[in-house]
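Chain by chain, the residues run as shown.
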Amino acid sequence: MKRQSRQENLIYLVVWGLLFAAPLLSLYVRTVNDPALAFDWTEVFLVWRKFAVFLLLFVVHNVFLAPLLVHQHRRTLYFSIVAVVLVGFTIYQCSSRPDMKRPMGHRPPPHTVEGHRPPPPPDKRRPDMPPPIVGEHDILAIVVLLLMFGANLGTKYYFRSRNDHQKLLKLEKQNLEQQLEYLRYQINPHFFMNTLNNIHALVDIDPAKAQETIVELSKMMRFVLYEGDKHGVPLTRELEFIRTYIKLMQLRYTDKVRIDLDLPAEVPDKTIPPLMLIPFIENAFKHGVSYKQESFIEVKISLEDESLRFSCRNSKADVPNQEKGGVGLANVRKRLNLLYGNNYSLHIKDAPDIYAVELVIPLNCKS
């Protein structure tokens, strides 16, 4: 049996508290307005006794019956028990009426002309006819009981729906975190694979530069290991990582490859998802550099209000790189959708001789 929330219990407590306070307040107001009327607790207790029956049935329904339908979905058992409760309540109502306690052949004492009490209203029934089995008051009480059960079920369904919605949001958040973690684990090996290929090429070309490259790579590895698994890293650290990566890549190419990097001079105290921009730059080096003709790569990052604008343009080689890949860019798209939804813009222009990327993301990711 599932426990009720505090809000649900508080609602029931307030409603029943108001119901039991209503006859007390009503009698108090009448005694204040009519000085001749005395405050009689008997009248209050009489109403409370009737309310107590409904309260007892409500507790039984709330604790034992409603969970059968709301949580356990045992409809047949629920409606069967409720039908038995309604029959028992009807029998109780009929047996507790004052006119049912009077013998069938009993007649009220006749009033004399000199009597002080007015004659009773004419009775349309014959004197020897018994009162009806179910009267208007009994039907009204049954309707109130059914409405009470319905309100109880409605309240429970509301809180169950709210709890299910909260659980769904929690599961979606966990799934989002798992997907982001999976994407980060894919990006990191992909990045290091390309970087190690560069170092391998430099070992034969210039061993001194290869040693310098290893030092720069160790800095980047430290960033990836200690910052790459966070939701957000300082923007300054991410820009420094990009600067180091491009510096590392420049060691490999000749003057035929023009590499321009434009970063903001002043960086605000904002955060950005780690390794969000580097796959675009990787892609530019991978497919935009030609060893036979002049080529270029232009990377520009600017800050506008509370957003970051990233631009990356590169020439396209005559002979495309046949290396299998594309994991980085595909993961970036997935991460952008998971992190920002529709709150970002990504435009990619794939012309015959130029490949350009324009990305705008908000700088509101907190670590």
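Criteria and cut-off values
Residues numbered from 1 in each chain as written. Predicted model: local features only at pLDDT ≥ 70, side-chain atom pairs only at ≥ 80, totals over all residues. Heavy atoms only, no water. Helix = DSSP H or I, 4+ residues; strand = E, 2+ residues; numbered from the N terminus. Buried < 20%, exposed > 50% of the residue type's maximum accessible area, 1.4 Å probe, protein only. Contact = heavy atoms within 4.5 Å. Salt bridge = Lys/Arg side-chain N within 4 Å of Asp/Glu carboxyl O. Axes fitted to C-alpha atoms, helices over the stretch in contact; angles between N-to-C directions. Parallel < 35°, antiparallel > 145°, perpendicular 65-115°, else oblique. Left-handed = near helix turned anticlockwise from the far one by under 90°. Nonpolar A, V, L, I, M, F, W, Y, C, P; charged D, E, K, R; others polar. Bend = angle between axes of the 7 residues up to and from the residue. Polar contact = N/O pair within 3.5 Å; in protein donor to acceptor, adjacent residues only side chain to side chain. pLDDT = per-residue confidence, 0-100. Expected span 1.5 Å × (residues − 1).

Novice: Is there a simple way to explain the overall build of the chain in this structure?
Specialist: Along the chain, the regular secondary structure elements total eight helices and seven strands. For the chain, with 367 residues in total, the buried portion stands at 35%. The long-range share in the chain, meaning contacts at least 24 apart out of those at least 6 apart in sequence, stands at 74%.

Novice: Whenever I open this one, the pattern of salt bridges confuses me. Can you help?
Specialist: Scanning the model with the defined rule gives eleven salt bridges in all. Between Arg30 and Glu43 there is a salt bridge, with its nearest N and O atoms 2.6 Å apart. On the criterion of sequence distance, the pair formed by Arg30 in helix α1 (residues 6–33) and Glu43 in helix α2 (residues 41–70) is long-range, its members being 13 residues apart. Classification of Arg30 as partly exposed rests on a relative accessible area of 36%. Glu298 is the salt-bridge partner of Arg313, the closest N and O atoms lying 2.7 Å from each other. Here the residue Arg313 occupies a position in strand β5 (residues 307–315), and Glu298 occupies one in strand β4 (residues 295–304), the gap between them amounting to 15 residues. Taken together, the shared-partner salt bridges in this structure form one network comprising Arg258, Asp260, Glu298 and Arg313.

Novice: What is the right way to look at the packing of helix α6 (residues 235–250) against helix α7 (residues 278–288) in this model?
Specialist: Relative orientation and spacing of two packed helices are given, respectively, by the angle between their axes and the distance between those axes. Relative to each other, α6 and α7 sit at 15°, their axes nearing to 11 Å. With respect to their mutual orientation, α6 and α7 come out roughly parallel. The element α6 and its partner α7 pack so that their crossing is right-handed. Together, Phe241, Ile242, Tyr245, Ile246 and Met249 of α6 and Ile278, Ile281, Glu282 and Phe285 of α7 make up the contact between the two elements. Per-class residue counts for the contact of α6 with α7 are eight nonpolar, no polar and one charged.

Novice: How should α2 be read in this particular structure?
Specialist: At Asn62, α2 shows its largest kink, close to 45°. Buried residues of α2: Val44, Phe54, Leu57, Phe58, His61, Asn62, Leu65, Ala66, Pro67, Leu68, Leu69 and Val70, and no others. Residue Asp40 occupies the N-cap position of α2, its side-chain oxygen lying 3.0 Å from the main-chain nitrogen of Thr42.

Novice: How do you make sense of the confidence of the model for the chain when you look at a structure like this?
Specialist: It should be kept in mind that the predicted coordinates are not to be read in detail where pLDDT is low. Per-chain confidence: the chain averages 80 in pLDDT, with 77% of residues scoring 70 or above. The low-confidence segment residues 101–106 (pLDDT under 50) makes six contacts with residues lying over four places distant or belonging to another chain.

Novice: Please clarify how α1 should be interpreted in this entry.
Specialist: Because each turn of an α-helix spans 3.6 residues, side chains separated by three or four positions in sequence point in the same direction. For α1, built from 28 residues, the straight-helix expectation of 40 Å at 1.5 Å per residue is met to within 8% by its first-to-last C-alpha distance of 39 Å. For α1, the principal kink sits at Ala21 and spans about 30°; a proline, Pro23, occurs within the next four residues.

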